[in-house]
There are 2 protein chains.
Amino acid sequence: MATLEDIGVSALINILGAFAFLLAFALLRIQPINDRVYYPKWYILGKRTSPRNRFGVVGKIVNLDIKTYFTFLNWMPEALKMSESEIISHAGLDSAVFLRIYTLGLKIFGPITIAALLLLIPVNVSGGTLFSLRRDLVVSDIDKLSISNIRPKSYKFFIHISMEYVFTFWVCYMLYNEYGRVASMRLNFLASQGRKPEQFTVLVRNVPGASGRSISDNVETFFQKNHPDHYLCHQAVYNANKFAKMARMRKRLQNWLDYNQLKFERHPDKRPTRKRGFCGLWGERVDSIDFYKEQIKYLDRKLTLERQKILKDSNSVTPSAFVSFNSRWGAAVCAQTQQSKNPILWLTNWAPEPRDIYWKNLAIPFFSLSVRKLVISISVFALVFFYMIPIAFVQSLANLEGLERVAPFLRPVVEWSFLKSFMQGFVPGLVLKVFLYFLPAILMVMSKIEGHVALSVLERRTAAKYYYFMLVNVFLGSIVAGTAFQQLDAFLHQSATQIPRNIGVSIPMKATFFITYIMVDGWAGIACEILRLKDLVIFHLENMFFVKTERDLDKAMDPGGLDYPEALPSLQLYFLLGIVYMVVTPILLPFILVFFAFAYLVYRHQVINVYEQQYESAAAFWPHVHARIIASLLISQLLLLGLLSTKKAANSTPLLVALPILTLTFHKYCKNRFEPAFRRYPLEEAMNKDAQDRASESDVNLKSLLADAYLHPIFRSFEGVDLVEVKVEKNPDDVASSSPRSLSSPSPDQDHHLEDETTDNVQHYEVEPPHITYHYEFESPNNMYRYNVESANNMYGYDFQSHYHGYQY
Amino acid sequence: MATLEDIGVSALINILGAFAFLLAFALLRIQPINDRVYYPKWYILGKRTSPRNRFGVVGKIVNLDIKTYFTFLNWMPEALKMSESEIISHAGLDSAVFLRIYTLGLKIFGPITIAALLLLIPVNVSGGTLFSLRRDLVVSDIDKLSISNIRPKSYKFFIHISMEYVFTFWVCYMLYNEYGRVASMRLNFLASQGRKPEQFTVLVRNVPGASGRSISDNVETFFQKNHPDHYLCHQAVYNANKFAKMARMRKRLQNWLDYNQLKFERHPDKRPTRKRGFCGLWGERVDSIDFYKEQIKYLDRKLTLERQKILKDSNSVTPSAFVSFNSRWGAAVCAQTQQSKNPILWLTNWAPEPRDIYWKNLAIPFFSLSVRKLVISISVFALVFFYMIPIAFVQSLANLEGLERVAPFLRPVVEWSFLKSFMQGFVPGLVLKVFLYFLPAILMVMSKIEGHVALSVLERRTAAKYYYFMLVNVFLGSIVAGTAFQQLDAFLHQSATQIPRNIGVSIPMKATFFITYIMVDGWAGIACEILRLKDLVIFHLENMFFVKTERDLDKAMDPGGLDYPEALPSLQLYFLLGIVYMVVTPILLPFILVFFAFAYLVYRHQVINVYEQQYESAAAFWPHVHARIIASLLISQLLLLGLLSTKKAANSTPLLVALPILTLTFHKYCKNRFEPAFRRYPLEEAMNKDAQDRASESDVNLKSLLADAYLHPIFRSFEGVDLVEVKVEKNPDDVASSSPRSLSSPSPDQDHHLEDETTDNVQHYEVEPPHITYHYEFESPNNMYRYNVESANNMYGYDFQSHYHGYQY
């Protein structure tokens, strides 16, 4: 048991650690060489181009401006400067609402902390049971401030129970306000958006196959019949995993070609060469540029064949389609209604943003989805409760005595004392760490197997799984001794009233542990987050060894989005800790408050300067955040009930029974009141926005907006292929222009294009806005595909890479 | 413990009892005087008019035709004659699908019984544990046929477990087929229906009040804006409970007037008189006809004032409305989509059939609904688990010693031995019986408080509550000793694995009890059902004392519908018993089979000859039936798991764990696959039916169909008032024509009308089909109301009473 001084020392160490991280961050971020690590968002937005150059070559790498070293904490006020609406337009609603979780934490726990410190701590201290016990036995100073200090059967428990009521009502009140606020932010955000293809489009799954007719024909007929006034067009979804693999390979080759051509330009005297064999390690030495051109040509031919196969073969059309309507109203109606007599056919849903789609899962049939869900649910359950079994098995391999017995010839190696101590002291912990490091990735794979079709949903589902894991293994695992599996076994053999009692009793005893946890994982962990140590190292390593072209540099810089699958569950764990301890051991609350304030600053800075979101879900994760905080309230109430029942407070405890019921009712009410705003699109809104559109502009170009929005990524990758094929024969240097930025900032390449314009009609479309030349009338689905391919070809270079990032196949 | 012989004797008694009931039924039903009790359905359909008259006045009362006495069981083959499609058109889909539950029981338990008797009984008998025990200790002959007879740790449990698997798959297979069949029957039924107002109408609730504008204006504006192509018209809902009360009183007076006028017609020499005071008991003697006319006139004036108040006062318009669309597609879209940004405003749902609406609940606001649901959920929980507390309290009043102590002056009365034995021997049982008798009514009141707006939903919710009561108090209560409250207490203090174990162990021991239960409640109870003893007695009593007019006779005859709130739960209890015992004590199965077969016959007869459904929900109860059978499977699996774990069959028991998971998955799949057919209306179907309509007939008269379909019942009752007011001044006798049957079968009244036609323009509309003269264009909601009132007035007599029955206010 830690004393107050121990906690103080621990706090000091962690604060110093956090400051060390912050100092390191302050020093590193002003070095020009790190600029792309700490401000990638601005590079991506195009508002920051290259590091300041005042001090020559050295100045490009190290910051020689002494003045900037003295203002090293100025990122904090800077992070606070941007207003919420600016953040929304700068980084999207998801990020802005994510930051609101932290302010919600401050708003909830601020008043609660004050009330608890002023009211509960004096009550607890005056209890005085524990002062009479021997100091070194079970008592810590923290315990004297907690509910443990109250004598059994005391009437003071009435105060704790009433505070639990007051706090619960306060939390619910804040949650209600926040839910309403976020819901209206979401609706305003959706209402303020310009015309976007997802507003007009519905994803249709499980299209039934009629004999002798193609899926496309089916879709066309069905929607023309059942939505005659609103149906506009549709796009088929192809099962093109093989093609995608080839396209990825081609991209790699293209990159090598770029690299070699750049090299050749810089040293025109020496043509680069490589060996013909595997990875260029052996075989005949050939000219690199020629080699890659030849390889690309070969691959292009294969790609063309594959493309034709996909387009012709009706088996490669998956029974899904993106169906577009001529109004938001039409799309909203189709997304919310049941289409067919058989409710598992013609499943309609809002289409996710084009960049949000996870294409691979679009083809999964309904029945398979049910099976997948079952299998994954069982797997998650097993993972949460039995994950220690395989880990213990691997760890047991580090038991060298056993190994020696199995393989006696290893004796000399095993007896080597360094290896022995390494194996037995370090490996077991390492195995666990490695598992925990890969856990989010494992959970993400599970979510993908579950068959969700949007990246945003995948991340939310992964976050949910991670939360269960944390709840059982971090929260319950720390309170109740033993592995999760042992806990499960114990729970099965305990009565319904015994479980909260057993856990509740150990709750106050674990307060010091969780305070340390908050300081290590919360304070120091967040300071570590702002330093981006891993990204910094990886960026410089990549820069040193792999970055060959501009495109590679962009790729190395890519900061990724906010890591919801990890950030949300750990955030929710802090809410859980705060809510469980608010009545039991209120001294824990200030630590949580510091965490929320500090993390708010850090994440605000990161959102503004670093993260680039892959998709925009318009705060679709909020219902989960809300539900988890409600769940925390319920857990807190049950555990307090259990704790009090061991304190023999029989006259006061029954008062608590009503609280979980009220909390659940509140949750149900909130669910009805706000959740539809996150799941459905009200017709009133759709109609309003349609009317606005009709008033402001003609909808001539609606079809063109929709024509290629949900184009399958194979066409996007193919457009590159086709074009390059044409170009390569004329001017090999042109290839560098495949970087999308070459359009916005006129480069020598771009000038080159303009000169070529008379001879190369492809270039024509690159300079013109890509959406003007579409006046195609849809006659038959086959024609439409041809049209899509052609128009896609014409659009080469237009926002290609930024789209490409979104597609995962 | 009952021996096989005991069971045999009990079976014999019950079979004899059932035969006695059947014999009584056979004798009673062929008496002409009982004709209206046993064949009311045919009277209501108008296919049977009056008892056969061959033997004069006596023949009107007693059947003197000897031949018919010899064919007294011929109702059984007769009941089977009608085909299912005939039953659907004769009695509606609800009744037809209700009968399918019995055939489903036969289909499920038929093969299971054969397999269990052939396979499990020999296995159980060969177990032989119990033969070695002393006979009179715990063993009954039934137990020797049950799983109790198997030695612990025996490998024979593998057979039981595999049979549980096989039976579960069989039940699921049958359930899947049946769900699919019922779903398609429902869709076909809906598709084959003619034009009905509910197909075009949506019930909108929680219409927000805008300041300075009426609810009607709001509805008009909102739907014209958001459903511009589909909106047709709407009807406001009035809060008219006071008016309804007055209308009921007027109806009573009208009835007395009819009675007196009939009396006067029969004896024209003597004008009937009555006293002026309360209930005609004292006061001045006056002419009855004049008195009632005067009273009615007075009430009419009050009604007129009240009507004007309701129509003018915007406070009496509830924030609900029936919104009609010009196509089924438009209505389907509106019912399935979210209308407003605020998801608890403008709640849309399919309108129930007009006769299915429970008007009183239409005005409940959303927030109040949440609170009501919470309160009722808690109340139901309390009722199920603590209902014994008030009953025990009342029973304790019968404890005369206590009474004596409290009130010593009662001693002489109390000491009277007859009263004493009556009080102590009979009253406690009577109190419980009275409670159980009123239980369905209490549960119905609870459902009404919950705020459902359709009678069909009310009945389904009541059935659900009744099922919980039966499950806890009949099933669990019989197995585990003690009251439900004691069980609850025990459950809370037992571990999750201990509960099924404790219940599982006592399952086989209770088999004999349940066999007796099936025979008493199932066999004899069903035979009692066909006798309709209560209805018979009540009909004759009413006929003797209260029936004054033709309308009264119809009312006395009114058979009511199938009693779903009681019939469904007890049916589901039999499924539960069969499924729980199919592996444990298979000898129980033949008794269940007999029950299903016999009950099928009886209910088929009743459906064809007796019941008149109040509404048609198109088998909306099926998902509940399905879910309860699945729940029975789960209960059976858990209990078997508990039972086997006490048998130390550690090597086989874990095999069972997968079964509940598989069953739940199956349930989820079925829910997705079939339930939408019961909740939503697919657009494909709506579009098809719209297209058919458009092809076959013009939709000129759609507006007239909708114009008064959802007219609030106050207008319907008022139309009567208005008309009578006009008529009474001309011809008092006309009043009798307010019986709806007077239109279909030309009566003297009707002839009278036709003579009057030239002088009384009201009559004109009665003879013409009522829907031809509507060409009104909706200009403003106020006009519309006036229109409705007028048109309603014109339609007086048209199907008035049959509509009226459906409205409960």
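Computed from a prediction, not measured in an experiment: that's the story for all the values here.

### Focus on the interface of chain B and chain A
Next up, step 1: Facing 46 residues of chain B, the contacting portion of chain A comprises 46 residues.
Next up, step 2: When chain B packs against chain A, the two sides together hide about 4200 Å² of surface, and 61% of this comes from carbon and sulfur.
Next up, step 3: Across the chain B-chain A interface, the total number found is two salt bridges.
Next up, step 4: In this structure, Glu685(B) and Lys341(A) form a salt bridge, with 3.9 Å as the shortest nitrogen-oxygen distance.
Next up, step 5: On inspection of chain B and its partner chain A, the count reaches 16 residue pairs in polar contact (both at pLDDT 80 or more).
Next up, step 6: Those elements giving two or more residues to the side of chain B that touches chain A turn out to be α9 (157–192), α11 (215–226), α14 (328–336), α15 (366–386), α30 (658–674) and α32 (683–696) of chain B.
Next up, step 7: When residues of the side of chain B that touches chain A are assigned to their parent elements, the largest contribution, six residues, is made by α30(B).
Next up, step 8: Residues belonging to the side of chain B that touches chain A are distributed by class as follows: 22 nonpolar, 18 polar and six charged.

### Regarding the packing of aromatic side chains
Next up, step 1: Inspection of every chain in the model, using the stated rule, returns 80 aromatic pairs over all chains.
Next up, step 2: Ring geometry for Phe222(A) against Phe223(A): centres 5.3 Å apart, planes inclined by 75°, an arrangement best described as edge-to-face.
Next up, step 3: With a relative accessible area of 0%, Phe223(A) lands in the buried category.
Next up, step 4: Each ring, one from Phe322(B) and one from Trp359(B), has its centre 5.8 Å from the other, and the planes form 70°; the classification is edge-to-face. Here Phe322(B) is found in strand β5 (residues 317–325), whereas its partner Trp359(B) is found in the loop between β6 (347–350) and α15, with 37 residues between them in sequence.
Next up, step 5: Judged by relative accessible area, which is 1%, Phe322(B) ranks as buried.
Next up, step 6: Put simply, the rings of Phe98(A), Tyr102(A), Phe109(A), Tyr564(A), Tyr574(A), Phe575(A), Phe595(A), Phe596(A), Tyr603(A) and Phe621(A) pair up and form one aromatic cluster.

### Focus: the side chain of His626(A)
Next up, step 1: Inspection of the secondary structure assignment puts His626(A) in helix α30 (residues 622–646).
Next up, step 2: His626(A) has contacts with Leu175(A), Tyr179(A), Phe666(A), His667(A) and Cys670(A), leaving out every residue within four places of it along the chain.

### A few points about the sheet that holds strand β6 (residues 347–350) of chain A
Residues and elements named next belong to chain A.
Next up, step 1: With antiparallel pairing, the four strands of this open sheet are ordered in space as β2-β5-β1-β6. A single partner strand is all that each edge strand has here, and the edge strands are β2 (231–238) and β6. On average, each strand axis in the sheet is inclined to that of its neighbour by 30°, with strand direction left out of account.
Next up, step 2: Pairing geometry for strand β1 (residues 201–205) and β6, over four bridges, is antiparallel. Opposite Leu203, over in β6, you have Asn349 as the bridge partner.

### Digging into the confidence of the model for chain A
All names here are of chain A.
Next up, step 1: On average, chain A scores 76 in pLDDT, and the residues at 70 or more come to 76%.
Next up, step 2: Throughout residues 134–139 the model reports pLDDT below 50, and contacts reaching past four residues in sequence, or to other chains, amount to eleven contacts.
Next up, step 3: Note that pLDDT drops below 50 for residues 718–809; the model gives that stretch 127 contacts with residues more than four away or on any other chain.
Next up, step 4: At the level of chain-chain contacts, confidence expressed as ipTM amounts to 0.75, with global pTM at 0.79.

### A closer look at the relation of the copies chain B and chain A
Next up, step 1: For the pair chain B and chain A, the relating rotation is 180°, the translation along its axis is 0.0 Å, and the fit reaches an RMSD of 0.1 Å. In the structure described here, the two chain copies are related by an operation that fits a two-fold rotation axis. Scanning chain B for the C-alpha nearest the rotation axis identifies Ser495(B), at a separation of 1.7 Å.
Next up, step 2: When the interface residues of chain B are mapped onto chain A, 100% of them again lie at the interface, so the same face is used by both copies.

### A look at the UniProt feature "transmembrane region" (unreviewed entry) in chain A
Next up, step 1: UniProt's feature table lists "transmembrane region" (unreviewed entry) at residues 6–28, 108–131, 157–176, 374–393, 426–445, 466–485 and 573–603 of chain A, given in the numbering used throughout.
Next up, step 2: Annotation note: span residues 374–393 of chain A, helix share 95%, strand share 0%, distance between end C-alpha atoms 27 Å.

### Here we look at helix α28 (residues 589–609) of chain B
Next up, step 1: Taking 1.5 Å as the rise per residue, α28(B) with 21 residues should run 30 Å; its terminal C-alpha atoms sit 30 Å apart, in good agreement.
Next up, step 2: Here α28(B) lies mainly inside the structure; 18 of its 21 residues are buried.

What counts and what doesn't
Residues numbered from 1 in each chain as written. Chains lettered and ligands numbered in written order. Predicted model: local features only at pLDDT ≥ 70, side-chain atom pairs only at ≥ 80, totals over all residues. Heavy atoms only, no water. Contact = heavy atoms within 4.5 Å. Buried area = accessible area lost by both parts, 1.4 Å probe. Salt bridge = Lys/Arg side-chain N within 4 Å of Asp/Glu carboxyl O. Polar contact = N/O pair within 3.5 Å; in protein donor to acceptor, adjacent residues only side chain to side chain. Helix = DSSP H or I, 4+ residues; strand = E, 2+ residues; numbered from the N terminus. Nonpolar A, V, L, I, M, F, W, Y, C, P; charged D, E, K, R; others polar. Phe/Tyr/Trp six-rings, centres within 6.5 Å; stacked < 30°, edge-to-face > 60°. Buried < 20%, exposed > 50% of the residue type's maximum accessible area, 1.4 Å probe, protein only. Pairing = 2+ DSSP bridges. Axes fitted to C-alpha atoms, helices over the stretch in contact; angles between N-to-C directions. pLDDT = per-residue confidence, 0-100. Least-squares fit on C-alpha atoms with pLDDT ≥ 70 in both. UniProt positions renumbered as here; feature names shortened; annotations may be inferred. Expected span 1.5 Å × (residues − 1).

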